[in-house]
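Chain by chain, the residues:
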Amino acid sequence: MADMSCIMVIFGGTGDLTRRKLLPAIYNLYTDGLLPENFAVVAVGRRDYSHEVYRNLAREAVANFSRKSIDDEKWSVLAQRIYYKKSEFHDDQGYRSLKAFLDRLDTNYHTGGNRVYYLAVAPEYFEVIAGQLYAHDMAKNDKCWQRVVIEKPFGRDLKSAHYLNHKLSQVFDESHIYRIDHYLGKEMLQNIMVIRFANGLFEPIWNNRYIDNVQISIDETVGVENRGDYYERAGALRDMVQSHMLQLLSLIAMEPPVDLTTDSIRDEKVKVLKSLRSITRETVMDSVVRGQYGKGFVDGKPVVAYRQEERVSPDSNTETFVALKVHVDNFRWAGVPFYLRTGKRLADRSAKIVIQFKQLPGILYFKEYGPLEPNLLVIWIQPREGVYLQFNAKKPGQKYSIIPVHMDFCQNCALYNNSPEAYERLLYDVMRGDSTLFTRWDEIESSWRFVDSIVEAWHGRNDDVLIYPSGTWGPEAANELLKKDGFKWWNVTPQGVGGHTDL
Ligand code: BG6
């Protein structure tokens, strides 16, 4: 059993991510008995708080954002292990004092010098903090371990990602760098490999002989909220496609790994990313649709257009929606389009993967009943988690008619089920030293290479940024993208057998 004893040092201790995700995750790990005996948290931030004031703020964050309600007795025990340290991220004196503080805590908590450094800060500080940790001898990995957790975005293109990686690897060995993609911590993403490789039913038909197309969508109802300045420089392509969507795609398309070790799994995922066909100036208009939300209504409430959001330029052309057709150029997938769609301020919040299977030859039933609905396998990722299978059956009764029916497995519908949040699993894995659910450098490299090809293809034009009303399914052109291939987006709901178009 790995030694998980450690101090978790969170840079950006007063930020949104820490409040909404990290502190609640630490609390839930604690109540589930998954934190090590020898453990403490040190939040580093620029504000002037005492430990006590920070603990009160942390309590409030946990009470607001934890999936389980807060138990005062348990909280008060955990809170005693949470500390606050004020420091600027580039201040030498701050690191000297932080180091002395951590060394003292090591003695109290028997953490032996082990550290998780969580960089929950804006990307421009990644390099500064890593450099300071090095300069102050805080990342030695000598008889103890020090790991660094980096939030996305890891760079904004291949060049800057290379630069950042180079800087980080001067301080930390690759095996100690944990690049977070929080989607990988979601229950159903961990389930994709099991569904594929633990069922004789699916794997033999998981290829271009039997699959017509694959649709991966992450639809959001939220807008950019208070992140206008970041989002203006990112857009949906960098924010969602480079990371979460390509990770989903690689899990769906990968070959079976030779075993379940971290590197065997990552080796197969990276091969998928390397097989993505680049998009060029010639193909971009046919394969990518981008849009930006205008004003409209979401959940019955009026919302402003993207260009009216705070810290967004009034004539911005940043895309908040993107739909693309992607090809994985290998033997398994040759000829099968993968359609990806993600957007903000859409009609509903959901993330899912739909696998559409090929039709059988229309010999038996076609003449009398016309084309039948295709078989669909849906992997629900959120908010519903589960698997859904659509197939054709005879409608009961004297008259012979064929209807699509479905089997639906929902793993988080039962009242007793309260799936752990992605960050719980990921923090736990960092402490155990298991990096399977984190992205390796070559995965980042290949995904940026693909995304950069689109950015380059877009260069110098913005006439294709289509405005869509908030609360809809995005620009009509996203429908056309599939229509011209003879397909449609499947809006499968747990109640309804699909067949409708979504847009
Ligand atoms: C983040 C993006 O990585 O993922 C956000 O930066 C997005 O823009 C979020 O809203 C979506 O995550 P989830 O877990 O809410 O689907």
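Residues numbered from 1 in each chain as written. Predicted model: local features only at pLDDT ≥ 70, side-chain atom pairs only at ≥ 80, totals over all residues. Heavy atoms only, no water.

K.L.:
How do you make sense of the overall build of the chain when you look at a structure like this?
P.N.:
For the chain, the count of helices and strands is 14 helices and 16 strands. Against the compact-globule benchmark of 23 Å for 503 residues, the chain has a radius of gyration of 24 Å, which places it among compact chains. The principal-axis extents of the C-alpha atoms in the chain amount to approximately 80 × 50 × 45 Å. Within the chain, the proportion of its 503 residues that are buried is 54%. For the chain, long-range pairs separated by at least 24 residues make up 77% of all intrachain contacts whose partners lie at least 6 apart in sequence. Surface summary for the chain: the accessible area is close to 22400 Å², and the carbon and sulfur share equals 52%. Side chains of the chain carry 63 positive and 66 negative charges; the gap between the two charge centres is 2 Å. (Helix = DSSP H or I, 4+ residues; strand = E, 2+ residues; numbered from the N terminus. Rg over C-alpha atoms; globule rule 2.2 N^0.38 Å. Buried < 20%, exposed > 50% of the residue type's maximum accessible area, 1.4 Å probe, protein only. Contact = heavy atoms within 4.5 Å. Areas by Shrake-Rupley, 256 points an atom, 1.4 Å probe, with all protein chains shown as cover. Lys, Arg positive; Asp, Glu negative; His and termini not counted. Charge placed at Lys NZ, Arg CZ, Asp CG, Glu CD.)

K.L.:
Help me understand the nonpolar core in this model?
P.N.:
Taken as a class, soluble globular proteins show a tendency for nonpolar side chains to be buried jointly. F11, F338 and I353 are the most contacted members of the largest nonpolar core, which totals 146 residues. Broken down by element, this core gets its largest block of residues, 14 residues, from helix 8 (residues 228-253). Not counting the four nearest positions on each side in its chain, F11 is found in contact with V44, F89, Y95, L98, Y117, Y118, L119, A120, V121, I129 and L133. Counting seven residues, the second-largest nonpolar core is a separate cluster that includes L376, V378, Y388 and W490. (Core = buried A, V, L, I, M, F, W, Y, C linked by side-chain atoms within 4.5 Å.)

K.L.:
Just checking my understanding: could you explain the site of the ligand for this structure?
P.N.:
The environment of the ligand is formed by K152, H182, Y183, K186, E220, R227, D239, M240, H244, K344 and Q382. At 2.8 Å, a side-chain N or O of H182 approaches an oxygen atom of the ligand. In the environment of the ligand, an oxygen atom lies 2.4 Å from a nitrogen or oxygen atom belonging to the side chain of Y183. Top contributing element to the shell around the ligand by residue count: helix 8, with three residues. Partitioned by chemical class, the residues of the shell around the ligand number two nonpolar, three polar and six charged. (Near = heavy atom within 4 Å. Polar contact = N/O pair within 3.5 Å; in protein donor to acceptor, adjacent residues only side chain to side chain. Nonpolar A, V, L, I, M, F, W, Y, C, P; charged D, E, K, R; others polar.)

K.L.:
Would you take a moment to explain the confidence of the model for the chain for this structure?
P.N.:
Parts of the prediction with low pLDDT should not have their coordinates interpreted in detail. Looking at the chain as a whole, the pLDDT averages 94, with 98% of positions reaching at least 70. Of the regions scoring below 50 in pLDDT, residues 497-503 engages in 28 contacts with residues more than four places distant in sequence or in other chains. (pLDDT = per-residue confidence, 0-100.)

K.L.:
Which parts of the structure should I look at to understand the pattern of salt bridges?
P.N.:
Opposite charge on two side chains permits pairing when their charged atoms draw close. As enumerated under the stated definition, the model contains 34 salt bridges in all. For E421, the salt bridge goes to K21, with nearest N and O atoms at 3.7 Å. Here E421 is found in the loop between strand 15 (402-410) and helix 12 (422-432), whereas its partner K21 is found in helix 1 (residues 16-31), with 400 residues between them in sequence. We classify E421 as partly exposed; its relative accessible area is 33%. K21 gets classed as partly exposed once you look at its relative accessible area, which sits at 30%. With a closest N to O distance of 3.2 Å, E268 and K271 form a salt bridge. Residue E268 and its partner K271 are located together in helix 9 (residues 262-274), separated by three residues, close to a single helical turn. (Salt bridge = Lys/Arg side-chain N within 4 Å of Asp/Glu carboxyl O.)

K.L.:
So what exactly am I meant to see when it comes to the side chain of S250 here?
P.N.:
By secondary structure assignment, the location of S250 is in helix 8. With residues up to four places along the chain from it excluded, the contact list for S250 reads K269, V272 and L273.

K.L.:
Quick question: what am I supposed to make of the packing of helix 8 against helix 13 (residues 441-458) here?
P.N.:
Helices that pack against each other are described as a pair by the angle of their axes relative to one another and the distance between those axes. Following both chains from N to C, one finds helix 8 and helix 13 inclined at 140°, their axes separated by 10 Å at the closest point. Between helix 8 and helix 13, the crossing angle belongs to the class labelled oblique. Helix-helix and strand crossings are classified by hand; for helix 8 and helix 13 the assignment is right-handed. Contacts between helix 8 and helix 13 involve L237, R238, V241, Q242, L246 and Q247 on the former and, on the latter, E443, I444, S447, W448, F450, V451, I454, V455 and W458. (Axes fitted to C-alpha atoms, helices over the stretch in contact; angles between N-to-C directions. Parallel < 35°, antiparallel > 145°, perpendicular 65-115°, else oblique. Left-handed = near helix turned anticlockwise from the far one by under 90°.)

K.L.:
Can you walk me through the state of the cysteines in this structure?
P.N.:
Cysteine pairs can be covalently joined through their sulfur atoms, and such a bond is termed a disulfide. Going through the model one piece at a time under the given rule, you end up with one disulfide. Considering cysteine sulfurs only, C144 is the nearest to C6, which forms no disulfide, with 12 Å between them. By relative accessible area, C6 is classed as buried at 0%. (Disulfide = S-S within 2.5 Å.)

K.L.:
Please explain the layout of surface pockets as it appears in this structure.
P.N.:
If a probe as big as a water molecule is rolled over the atoms, it shows which places are left empty. Here the second largest pocket defines a volume of roughly 630 Å³. Forming the walls of the second largest pocket are 27 residues, and the residues nearest its centre are K358, Q359, L360, N375 and N392. When residues in the lining of the second largest pocket are grouped by element, the largest group, six residues, is from strand 14 (residues 386-394). When its residues are assigned to classes, the lining of the second largest pocket shows 18 nonpolar, six polar and three charged. (1 Å grid on protein atoms, 1.4 Å probe; cavity = no way out; pocket = protein on both sides within 12 Å on 5 of 7 lines; lining within 4 Å. Points joined across faces, edges and corners; volume = space filled by probe spheres on them.)

K.L.:
Could you clarify how one ought to interpret unusual backbone geometry in this entry?
P.N.:
Across residues other than glycine, the phi torsion is negative in most instances, and most of the peptide bonds are trans. K152 connects to P153 through a cis peptide bond whose omega is 5°. Relative to the helices and strands, P153 resides in the loop between strand 5 (146-150) and helix 6 (158-169). A cis geometry characterises the amide bond from Q382 onward to P383, with omega recorded as -5°. Along the polypeptide, P383 turns up in the loop between strand 13 (376-382) and strand 14.

K.L.:
Can you help me understand empty space enclosed by the protein in this one?
P.N.:
Enumeration according to the criterion identifies three cavities of 30 Å³ or more in this entry. The computed volume of the largest cavity comes to approximately 120 Å³. Of all the elements in the fold, those that place two or more residues in the lining of the largest cavity are helix 8 and helix 13. Ranked by residues supplied to the lining of the largest cavity, first place goes to helix 8 with four residues.

K.L.:
How should I be thinking about the pairing of strand 14 in this particular structure?
P.N.:
As a general feature of sheets, a regular strand has side chains that alternate between the two faces. In terms of strand pairing, strand 13 meets strand 14 through five bridges, oriented antiparallel. The residue bridging V378 from the neighbouring strand is Y388, located in strand 14. Linking strand 13 to strand 14, which pair antiparallel, is a turn of three residues. Here strand 14 runs beside strand 15; their pairing, made up of nine bridges, is antiparallel. Opposite G386, over in strand 15, you have C410 as the bridge partner. (Pairing = 2+ DSSP bridges.)

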